[in-house]
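What follows is each chain in one-letter form.
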Amino acid sequence: MITLYQRQDCPFCWRVRLILSALDLEYRSVDIALGEKHPDILAISPQGRSSVPVLIDPQAELVIWESSVIISYLMEQYAGDAECSEDNAADNARIAMINSYADSALGSAIKDTIFEKRAKTVSEWDRDLLEQSDQRWRSCCCELNRWFEQGLCSAKPIQLAVLGTRLALAQAYGLQIPRQQIALRCWFEAFVRSALYRQTLPRSIYWQGECCDYAGGEISQKFKSVSS
Ligand SMILES: N[C@@H](CCC(=O)N[C@@H](CS)C(=O)NCC(=O)O)C(=O)O
């Protein structure tokens, strides 16, 4: 059986879970904690590398690290007829660009918010940093909305797994898509309603220095009163 070494709240791991689920592949999950250097991961990764996700496929006697490589491999090895691709080369290019943007500009915009809120208590949050992160998030949403207005509103969750899971993590840390970005909101609402999202939601996320239950896509009640 496939083994996935992962951290539940890691954006790179979530997209791999989503693809495994979309392909209906059974797998065993080994969950690590934030900051943990798991001895198995150190043993099977190149020297100096300790990051997740790492996937082992015994059927091909293969260990793969790097989420984009894992996803390409899974699609090539296990997807049926073009599970993920549109027939339209232009739409495939748009999808690839949006996913790339989600990992570059969007990922960098939300990182400060996530790192700040997951590690520190409310009184320790750097409000200026959060404000800057929020501004950058809003301008990324504006950019993404323009692309969705030009089409792609019906793109499947599996096609935009990178974007969908990044937006979902941003939302978990209080960054909401602005109301006026209607095309982006519509796509994201459909993503959140999808079975794939529900099946692959992180079971836990870090919040104010603690690992919290994230069942149902909500930070557990204990922390909710201070989640802003
Ligand atoms: N480019 C890598 C990034 C993976 C990554 O940065 N993983 C983070 C968790 S989100 C990690 O494991 N960091 C801890 C470490 O590198 O030891 C991929 O796409 O798989």
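Model, not experiment: these values are computed from the prediction.

1. As for the environment of Ala155
Okay, so step 1: Mapped onto the elements, Ala155 comes out in the loop between α5 (127-149) and α6 (161-172).
Okay, so step 2: In this structure, the C-alpha to C-alpha distance between Ala155 and Asn92, residues 63 residues apart in sequence, is 10.0 Å.
Okay, so step 3: Beyond its immediate stretch of four places on either side in the chain, Ala155 contacts Leu160 and Trp187.

2. Here we look at the site of the ligand
Okay, so step 1: Taken together, Arg7, Cys10, Pro11, Phe12, Lys37, Ser50, Ser51, Val52, Pro53, Glu66 and Ser67 are the residues near the ligand.
Okay, so step 2: In the environment of the ligand, an oxygen atom lies 2.6 Å from a nitrogen or oxygen atom belonging to the side chain of Ser50.
Okay, so step 3: Within the contact set of the ligand, a nitrogen atom lies 2.7 Å away from a side-chain nitrogen or oxygen of Glu66.
Okay, so step 4: Within the complex, the protein chains bury 70% of what would otherwise be the 510 Å² of accessible surface of the ligand.
Okay, so step 5: The class makeup of the residues in the shell around the ligand is five nonpolar, three polar and three charged.

3. Points about the nonpolar core
Okay, so step 1: Among the nonpolar cores identified, the biggest contains 61 residues, and Leu74 and Leu163 are the most heavily contacted of them.
Okay, so step 2: Counting residues domain by domain, this core receives three or more from each of domain 1 (2-78) and domain 2 (89-194).
Okay, so step 3: If we skip the residues at most four places from it in the chain, Leu163 touches Ile98, Asn99, Ala102, Leu106, Leu144, Phe148 and Trp187.
Okay, so step 4: The next biggest cluster of nonpolar side chains, apart from the first, holds eight residues, and it includes Tyr5, Cys10, Cys13 and Val30.

4. Brief notes about the domain arrangement of the protein
Okay, so step 1: By the assigned domains, the protein splits into domain 1 (2-78) and domain 2 (89-194).
Okay, so step 2: With eleven residues of domain 1 at the interface, the matching set in domain 2 holds eleven residues.
Okay, so step 3: Between domain 1 and domain 2, roughly 980 Å² of surface is buried when both sides are summed, and carbon and sulfur atoms account for 74% of that area.
Okay, so step 4: Among the residues of domain 1 in contact with domain 2, Trp14, Arg15 and Leu18 are the three that bury the most area, contributing 51% of the side total.
Okay, so step 5: One can count one salt bridge joining domain 1 with domain 2.
Okay, so step 6: Between Arg15 and Asp103 there is a salt bridge, with its nearest N and O atoms 2.8 Å apart.
Okay, so step 7: On the surface where domain 1 and domain 2 come into contact, there are one residue pair in polar contact (both at pLDDT 80 or more).
Okay, so step 8: Per-element accounting of the side of domain 1 that touches domain 2 gives the leading share, seven residues, to helix α1 (residues 11-22).

5. Some words on α1
Okay, so step 1: Here α1 spans 17 Å end to end across twelve residues, near enough to the 16 Å set by a 1.5 Å rise per residue.
Okay, so step 2: Summarising burial for α1: nine of the twelve residues are buried, a large majority.
Okay, so step 3: Among the residues of α1, Pro11, Cys13, Trp14, Arg15, Val16, Arg17, Leu18, Ile19 and Leu20 are the ones counted as buried.
Okay, so step 4: One or two steps after α1, the chain reaches Asp24, where phi turns positive at roughly 60 degrees.

What counts, and where the lines are drawn
- Residues numbered from 1 in each chain as written.
- Predicted model: local features only at pLDDT ≥ 70, side-chain atom pairs only at ≥ 80, totals over all residues.
- Heavy atoms only, no water.
- Helix = DSSP H or I, 4+ residues; strand = E, 2+ residues; numbered from the N terminus.
- Contact = heavy atoms within 4.5 Å.
- Near = heavy atom within 4 Å.
- Polar contact = N/O pair within 3.5 Å; in protein donor to acceptor, adjacent residues only side chain to side chain.
- Areas by Shrake-Rupley, 256 points an atom, 1.4 Å probe, with all protein chains shown as cover.
- Nonpolar A, V, L, I, M, F, W, Y, C, P; charged D, E, K, R; others polar.
- Core = buried A, V, L, I, M, F, W, Y, C linked by side-chain atoms within 4.5 Å.
- Buried < 20%, exposed > 50% of the residue type's maximum accessible area, 1.4 Å probe, protein only.
- Domains from an automatic or database assignment.
- Buried area = accessible area lost by both parts, 1.4 Å probe.
- Salt bridge = Lys/Arg side-chain N within 4 Å of Asp/Glu carboxyl O.
- Expected span 1.5 Å × (residues − 1).

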